[in-house]
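A look at the structure
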Amino acid sequence: MSDGINRQILLIDKPTGKLGPEHFKLSTAAMPEPGDGEALLRVRYISLDAANRAWMHGATYRSAVEANTVMAGGGIAEVVSSKADGLAPGDIVFADTGWQDYVALPAKHLTRMPRIEPLTYLLSVYGIAGLTAYFGLLDIGKPKAGETVVVSAAAGSVGSIVGQIARIKGCRVVGIAGGQDKCHWLTSELGFDAAVDYKDGAVFKALRAAAPNGIDVYFDNVGGDILEACLPQMNNYGRIACCGAISQYDGAPQTHGPRGVPGLIVVKRLVMQGFIVMDYMKERDRALADLQAWVASGQLKVQEDIIAGLENTPKALIGLLAGENRGKRMVKV
Ligand SMILES: NC(=O)c1ccc[n+]([C@@H]2O[C@H](COP(=O)([O-])OP(=O)(O)OC[C@H]3O[C@@H](n4cnc5c(N)ncnc54)[C@H](OP(=O)(O)O)[C@@H]3O)[C@@H](O)[C@H]2O)c1
């Protein structure tokens with residue numbers, strides 16, 4: 001960051017295939033000026049999310065990101081100056097800051113956050129990742145002690161927290177992740193009962209061995225072939241929490257959906273429900289109280305993957321889609 005200059009990462013082209021560095025450009029603009037009711041923010045940490053890639057396909061639960069605009073993304077920022085009531089320099093907020101050093105935004109689009117240490121927890125365990133894991137698992141998956149919970153993208157930001165909460169609730173937990181190293185980390189460090197390396201092939205068979213009593217709750221972060229492998233192994237009255245479909249985000253979409261829908265859902269009386277974490281924000285305090293207690297007691301380990309430098313944000317997102325990250329990936333601006 002330098003005086004009077006605002007560095008920005010622009011999305012210059014919407015990818016039709018895989019996302020690459022050629023789709024982004026580092027640019028500079030004048031420092032933004034806050035208008036009435038706005039605050040000038042210095043961005044501290046940018047959240048890297050699989051959904052960043054999904055937004056490039058078109059409107060989802062938010063509007064699409066367009067070419068030749070600052071790449072959208074959530075971030076933790078500090079108020080530099082304010083023309084809004086209730087916001088003062090030094091305040092910490094969460095906002096859709098975009099990938100840039102500074103942004104001026106209306107106060108109504110900012111969420112005030114406590115100044116905690118480390119600040120990064122506001123993006124990981126106490127941020128969207130932790131809240132998504134909490135509400136998706138507990139409110140939609142409704143796990144009971146003794147049941148088997150399976151989670152995909154299990155070594156990622158949401159998945160690693162889902163598995164640990166399921167363990168806290170007394171469930172048998174199976175994670176699905178890419179590579180032996182990640183699988184070993186899940187069982188040796190995070191307390192998962194078993195892990196399946198989907199890159200090793202034969203997911204269906206490996207899952208059968210890891211979850212011999214069938215699956216009661218499947219927390220689905222990926223969709224596609226892994227969802228198809230889980231469906232026939234669901235127990236009657238099982239619950240599938242549809243959190244995301246990362247296998248479909250980067251590159252050409254699959255030409256067919258998972259087989260077994262709706263047949264297996266009918267026969268096994270499954271509940272398959274999608275959710276968007278923003279719908280639960282009114283209940284955030286309940287989740288935060290539990291998450292804070294679990295972190296404090298050491299039952300919930302927080303894994304973060306922090307990349308330094310705004311200029312490295314495109315590479316960091318491309319790497320996340322390729323499975324480079326363990327836990328919550330973010331960029332320190
Ligand atoms: N519903 C909501 O409100 C909500 C909120 C936040 C996030 N989400 C969703 O939660 C999921 C996780 O997102 P995140 O941002 O936290 O990312 P993340 O889990 O931290 O990282 C993504 C991981 O997905 C795995 N992956 C990539 N391509 C895959 C594929 N084709 N098949 C299987 N796994 C693949 C990679 O790990 P491997 O090495 O294991 O492949 C990668 O590390 C996404 O689907 C996202 O859209 C939903």
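Preceding this section is the structure that the text describes.
Residues numbered from 1 in each chain as written. Predicted model: local features only at pLDDT ≥ 70, side-chain atom pairs only at ≥ 80, totals over all residues. Heavy atoms only, no water.

**A few points about the sheet that holds strand S1 (residues 5-11)**
Spatially, the three strands line up as an open sheet ordered S2-S1-S4, and their pairing is antiparallel. Taken across any chain shown, the strands that pair with only one partner, and hence form the sheet edges, are strand S2 (24-30) and strand S4 (69-70). Pairing of S1 with S4, which is carried by two bridges, proceeds in the antiparallel orientation. By the bridge assignment, Leu11 is partnered in S4 with Thr69. (Pairing = 2+ DSSP bridges. Helix = DSSP H or I, 4+ residues; strand = E, 2+ residues; numbered from the N terminus.)

**Observations regarding the side chain of Asp197**
Relative to the assigned elements, Asp197 resides in strand S11 (residues 194-197). At 6.9 Å, Lys199 is the nearest oppositely charged side chain to Asp197, a buried residue that forms no salt bridge. Look past the residues within four positions of Asp197 in its chain and what remains in contact with it is Ala177, Gly178, Gly179, Gln180 and Cys183. (Buried < 20%, exposed > 50% of the residue type's maximum accessible area, 1.4 Å probe, protein only. Lys, Arg positive; Asp, Glu negative; His and termini not counted. Salt bridge = Lys/Arg side-chain N within 4 Å of Asp/Glu carboxyl O. Contact = heavy atoms within 4.5 Å.)

**Some remarks on the nonpolar core**
Counting 39 residues, the largest nonpolar core has Tyr134, Leu137, Ile165, Leu186, Phe219 and Leu291 as the members making the most contacts within it. For this core, the secondary structure elements donating two or more residues are helix H2 (128-141), strand S9 (148-152), helix H3 (157-168), strand S10 (172-177), helix H4 (180-188), strand S12 (215-220) and helix H8 (284-297). For this core, the element with the highest residue contribution is H2, accounting for eight residues. Formed by 24 residues, the second largest nonpolar core is a distinct cluster that contains Val43, Ile46, Trp55 and Trp99. (Core = buried A, V, L, I, M, F, W, Y, C linked by side-chain atoms within 4.5 Å.)

**Concerning the packing of aromatic side chains**
This model, assessed by the stated rule, comprises six aromatic pairs. Ring centres of Phe135 and Tyr280 lie 4.7 Å apart, and the angle between their planes is 15 degrees; this geometry places the pair in the stacked category. Of the two residues, Phe135 is situated in helix H2 and Tyr280 in the loop between strand S14 (271-274) and H8; the sequence distance between them amounts to 145 residues. Comparing Phe135 with Tyr280, the two get one shared label, buried. Note that Arg62 overlies the ring of Trp55, its terminal NZ or CZ placed 4.4 Å from the centroid. (Phe/Tyr/Trp six-rings, centres within 6.5 Å; stacked < 30°, edge-to-face > 60°. Lys NZ or Arg CZ within 6 Å of the ring centre and 35° of its normal.)

**What to know about the sheet that holds strand S13 (residues 234-242)**
Strand pairing within a sheet occurs via backbone hydrogen bonds; the two strands may be parallel or antiparallel. In spatial order, the strands read S11-S10-S9-S12-S13-S14; together these six strands make up an open sheet with parallel pairing. Of all strands in the sheet, those bounded by a partner on one side alone are S11 and S14. Each strand of the sheet is rotated relative to its neighbour by a mean of 15 degrees, with strand direction disregarded. When S9 meets S12, the two strands line up parallel, connected through three bridges. What sits directly across from Val150, in S12, is Tyr218. (Axes fitted to C-alpha atoms, helices over the stretch in contact; angles between N-to-C directions.)

Coordinates in, geometry out; function isn't part of it.
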